[in-house]
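The chain contents come next:
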Amino acid sequence: MSTFHFLARCVQACRSSAAVALLACLTPWAQAQMHTQSLDAGWQFRLADEEAAKAHPEVAGWRAATVPGSVQTDLLDAKLIPDPFAADNEAKLQWIGLSDWEYRLEFRLDGGTLQRKRVELVFDGLDTFAQVTLNGQPLAWTDNMFRRWRLPAKDLLKPGSNTLVVRLQSPIRRMQPWLQKQPYALPGAYDSQFGDEPKGVNSATYVRKAQYHYGWDWGPRFVTLGIWKPVRVESWNTARVEDFHVRQQRVDANVAVIAAELEVDANRAGAARLQVDVAPPQGQPFTVTQDVVLEPGRNNFSVPVRIERPRRWFPVGYGAQPMYTLQATLSQEGEELGRAERRVGLRTVELRREKDAWGRSFAFVVNGIPVFAKGANMIPLDSFPSRVTRERQRALLLSARRANMNMLRLWGGGYYESDEFYEEADALGLMIWQDFMFGGAILPADRGFLENVRQEAVEQVRRLRHHPSIVLWCGGNEVQADWETWDATLAFKNKLSPDERERLWSGNLKLFGEVLRGVVQQYAPDVPYWATSPGVDLEGPSGQMDEGDVHFWRVWGGSAPVETFLSTTPRFMSEYGLQSYPGMSTIAAYAKPEDLRLDSPVIRAHQKFGVSAGPDVGNDRVLFYVRKNYGEPKDFASFVYLSQVMQAEGIELAASHLRSQRPRSMGSLYWQLNDVWPGASWSSVDYFGRWKALQFHARRFYADVLASAMRREGNTNFSVVSDRVEKFDAEILLRVLDFDGRELRSERKTVTAAPLAVTPVWQRTDAELLAGGDPSRTVAFFEVKAGGRTLSRQAVYFAPPRALELRDPGLQARLEALPSRTGDAFKLSIKSRFLARSVWIDFGGLDVELEDNSFDLVAGEEVVVNLKSRASLQSLREQLNLRSMAGSTLH
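Along each chain, residues carry numbers from 1 onward, in the same order as the chain's sequence is written. Two thresholds apply to this predicted model, a pLDDT of at least 70 for residue-level local features and 80 or more for giving and counting side-chain atom pairs, whereas whole-chain, interface and lining totals are computed over all residues. With hydrogens and water set aside, each side-chain value is computed from the structure's full complement of heavy atoms.

Colleague: What's the story with the overall build of the protein chain in this structure? I'm lost.
Modeller: Summing up its helical and strand segments, the protein chain has 20 helices and 46 strands in all. For the protein chain, whose C-alpha radius of gyration is 29 Å, the value lies close to the compact-globule estimate of 29 Å for 891 residues. Each principal axis of the C-alpha distribution contributes one length, and for the protein chain these read about 90 × 70 × 65 Å. Counting over 891 residues, the protein chain shows a buried share of 59%. The long-range share in the protein chain, meaning contacts at least 24 apart out of those at least 6 apart in sequence, stands at 71%. The protein chains shown are the only cover counted for residues, whose accessible areas, like all others here, come from Shrake-Rupley with a 1.4 Å probe. Approximately 34,100 Å² of the protein chain is accessible, and the part contributed by carbon and sulfur atoms is 48%. The positive count covers Lys and Arg only, the negative count covers Asp and Glu only, and His and the chain ends enter neither. A charge is said to be at NZ when it belongs to Lys, at CZ for Arg, at CG for Asp and at CD for Glu. Counting 107 positive and 108 negative side-chain charges, the protein chain places the centres of these two groups 2 Å from one another. Each helix is a run of H or I in the DSSP string that is no shorter than four residues. Each strand is a run of E no shorter than two, and both are numbered from the N terminus. With the radius of gyration taken over C-alpha atoms, the globule rule is written as 2.2 Å times the number of residues to the power 0.38. When a residue's accessible area, from a 1.4 Å probe over protein chains only, is under 20% of the maximum for its type it is buried; when over 50% it is exposed; and in between it is partly exposed. We call two residues in contact whenever any of their non-hydrogen atoms come within 4.5 Å of each other.

Structure below.
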């Protein structure tokens, strides 16, 4: 029995994490003949800019560096700069991105490296304009953060000490002199608030670098430079496995027909044998072999594999996420030449676009099941990518899954995530809408730019195509919408000649309509491609309500009331949002007590919306929505609390409406899931992973069964929304109560909830529901139950929150420890004398994982919330604080 088969059987036998980890260790063992020497340790860095060195002499000498990393993180580790996220330090650190830097490594080769026929130096990622020299000789100039650089190095390496130098040029200083000579600057990028680039003359558009590094309306401007991914030396004699791909040709419940495709770079010709070992998630492993012939240069081999009754991968909520392990081994005359491994999930995915009563559908169909996409847009986890660990990635993805999300859109202004991120998404059943890295600006139309992007796309699609979680490749974010509707771009277009306007847009159409589409169709044909979001795949104008996807920003961006969401029903809403502030414990990480006012420099520095128009635009917009719906906050802490309530209830209104319109609408991805730093933003999970009110609401409004109660113009439609694939019998309960807990009326009904559908229940007017009650002191609760358990509950109020007659609910709490192996489990019981709106449980600076929060509590009702924390029971009791909407505003 082969080692592979032995380990595979061990995994199937015990399914232990240790056995799985042991099998995973086969991947580093891949390509046994190839030797890999890591060059991540021992680097030094220094400022390589004479002018900047006059102001910062402390960094002109060589200092220890960390690879992977960035100049900013190396300076922070050396305690040469303050925390970039604290106070208003962002402005004080802009000089770093405006300077040139140098990294140096002295290293010795492992024994035998130079005796091998091929030796290459591999940089997985350089940020961004880099000159690489080896032993004083130029080796490469790089210009794309998203590409891997594989550099032949044998002729420049020597047996003794070798010196590798990477000189990094400021992308702003490199591009601005060139840009100033151009007839125009392309529009769409964010202006710098620090004056380092002229307004409207932004270099970011021309650089293949994460666009958010130049600043966005939710994050800071830190223009990073560095060796941001691993570095190594690879050497081999006969062959190197360039790529291993498992192409899924047919997958259904009965059979999976796949092809194990191997790309090999060979130095010599000759007969060889290709062996493919298949380890299913259950059952016996098996082997398929094929005789092949190697030719010097690039070789492509394909081995057909058939799997009867495959275990298919499903999104969370629709089935399990089993993974198959395939290992390909290439040998010649008994000598192993190379080996590679892939873990794949077998599934089909379709972006269904069919004509119907409302126009043309836009629905993801996985394994034949139409899936309503529930989720959010995800931005990078940090301003400095090298600080993002697998643990942080998994924690965020778990937060998404715990909130009943099944899809995340990886937005195009950041970077392609690490392999580990997609592995976690695969395991959790989270579908990934993957943008190519374009954040919204109009792009250059020259051949060199297009070819650079094409090569980037080839590398990234080949790297990521085996992940079942990726269900869509999208060309980019808002480029077409920018060209068609943004005021600055419309003014820019009017200044161009018709020929130049045509040339420029034709280049963008070629990029999104041909280049990127062609890459996906060639290398990942089993995954749909979508040219730009929002859009209709370049078949017409963007932003159409009857087809394609929509970014809806009349609410917030246009200051429309949140009730506008009720009359907005696109086929798929891939962006919409409302801002809020993070909790007080997160604000304390960057602001001192004396800073806690909206007009303080520190609070202003952490609010990025509308900064080009004025320092208070963002905070004024948050206040506009808080005041309109809830009233005037009585203090800063109340403003923070009400901002989260406003955001949560507004997004809940939109998401619930979209779900109630299934199948007309088949997707709700609000903006945004997470943050790159602590500050005001549209996120539902803050920089430190702490849930805002919206994330708790999402857990309820994204549940597989939703009690939908949509009130509009004095009428409420009650229905059951079910994402379950089987019908079920539901008990429906409607109770109308006053704020003292007195029941005014009730109704009960049993319905059969249809699968993957909306089942209507009642339609009632306000007069019918109120039954003579005071609209300012009455609430209706609509509940869906099954098997004696409440699946979902929705409250209906008859007046805006600011008009409700809320009094101190008299909240009482009891916190107890629960038996557990780890001692971190607790139970919090809460009761109120009167209705409590938007109860918020807070433990100050203690990190606590709550099962629920931000909920309404009926008078006399007791709610039990389970929680986990490493803090002691005594500490939790001391820090516990409960608040509600009552008393949060001035009267």
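Colleague: What is the right way to look at helix H17 (residues 636–660) in this model?
Modeller: Spacing of three or four residues puts side chains on the same side of an α-helix, whose turn is 3.6 residues. Any helix carries an expected span of 1.5 Å times its number of residues minus one. Between its first and last C-alpha, H17 extends 36 Å over 25 residues, near the 36 Å set by a 1.5 Å rise per residue. Most of H17 sits inside the fold, with 23 of its 25 residues counted as buried.

Colleague: Mind showing me how you'd approach the nonpolar core here?
Modeller: One recurring pattern in soluble globular proteins: nonpolar side chains tend to sit buried together. Throughout this description, the term nonpolar core refers to a set of buried Ala, Val, Leu, Ile, Met, Phe, Trp, Tyr and Cys residues connected via side-chain atoms within 4.5 Å. By size, the foremost hydrophobic cluster in this structure holds 191 residues, and its most contacted members are Phe123, Trp473 and Tyr576. Ranked by residues supplied to this core, first place goes to H17 with 12 residues. Those residues in contact with tryptophan 473 that sit more than four places away from it in its chain are Tyr416, Gln434, Phe436, Gln460, Val461, Leu464, Val520, Ala524, Val527, Pro528, Tyr529 and Trp530. Core analysis: the second largest hydrophobic core is formed by 29 residues, Ala260, Val264, Tyr324 and Leu330 among them.

Colleague: When you look at the packing of helix H16 (residues 617–629) against H17 in this model, what are you seeing that I'm missing?
Modeller: How two helices sit against one another is set out by the angle between their axes and by the gap between those axes. With their axes 9 Å apart at the nearest point, H16 and H17 run at an angle of 75 degrees to one another. Viewed along their axes, H16 and H17 adopt a mutual orientation that is roughly perpendicular. Two secondary-structure elements touch here, H16 through Val622, Leu623, Tyr625 and Val626 and H17 through Phe639, Leu642, Ser643 and Met646. Only Asp, Glu, Lys and Arg are considered charged, only Ala, Val, Leu, Ile, Met, Phe, Trp, Tyr, Cys and Pro nonpolar, and every remaining residue, Gly among them, polar. Here the contact of H16 with H17 is composed, by residue class, of seven nonpolar, one polar and no charged. In this description, a line fitted to the C-alpha atoms serves as the axis of each element, helices being fitted only across the stretch in contact, and the angle between N-to-C directions of two axes falls anywhere from 0 to 180 degrees. Here the angle decides the label: under 35 degrees means roughly parallel, over 145 means roughly antiparallel, 65 to 115 means roughly perpendicular, and every other value means oblique.

Colleague: I'm lost on the environment of glycine 61 in this one. Help?
Modeller: Of note, glycine 61 is situated in the loop between helix H3 (50–55) and strand E3 (63–64). Take glycine 61: its relative accessible area is 35%, and that puts it in the partly exposed class. Spatially, the C-alpha atom of glycine 61 lies 5.6 Å from that of arginine 46, the residues being 15 residues apart in sequence. With sequence-adjacent residues up to four places away left out, glycine 61 is seen in contact with Phe45 and Arg46.

Colleague: Help me understand the packing of H17 against helix H18 (residues 693–701), please; the structure alone is not making it clear to me.
Modeller: Here H17 crosses H18 at 25 degrees, and the two axes come no closer than 8 Å. With respect to H18, the axis of H17 lies roughly parallel. Handedness of the crossing formed by H17 with H18: right-handed. Each of Gln644, Gln647, Ala648, Glu649, Ile651, Glu652, Ala655, Ser656 and Arg659 in H17 lies in contact with H18, whose residues at this interface are Ala693, Leu694, His697 and Phe701. A per-class count over the contact of H17 with H18 returns six nonpolar, four polar and three charged. Here is the rule for handedness: rotate from the far helix to the near one, and if that takes an anticlockwise turn smaller than a right angle the crossing is left-handed, while a clockwise turn gives right-handed.

Colleague: Just checking my understanding: could you explain the pattern of salt bridges for this structure?
Modeller: A side chain of one charge can pair with a side chain of the opposite charge if their charged atoms are brought near each other. Definition used for salt bridges: Asp or Glu carboxyl oxygen within 4 Å of a side-chain nitrogen of Lys or Arg. Within this structure, the stated rule accounts for 71 salt bridges. One salt bridge in this structure joins aspartate 49 and arginine 173, with 2.0 Å as the shortest N-O distance. Taken as a pair, aspartate 49 in the loop between strand E2 (44–47) and H3 and arginine 173 in helix H7 (residues 171–180) lie far apart in primary sequence, 124 residues in all. Its salt-bridge partner being lysine 374, residue aspartate 723 comes within 2.8 Å of it at the nearest N-O pair. Of this pair, aspartate 723 sits in the loop between strand E34 (715–722) and strand E35 (728–738) while lysine 374 sits in strand E25 (residues 373–378); the two residues are 349 residues apart in sequence, bridging distant segments of the chain. By relative accessible area, which is 3% here, aspartate 723 ends up buried.

Fair warning: the whole summary comes from geometry, so function is off the table for now.
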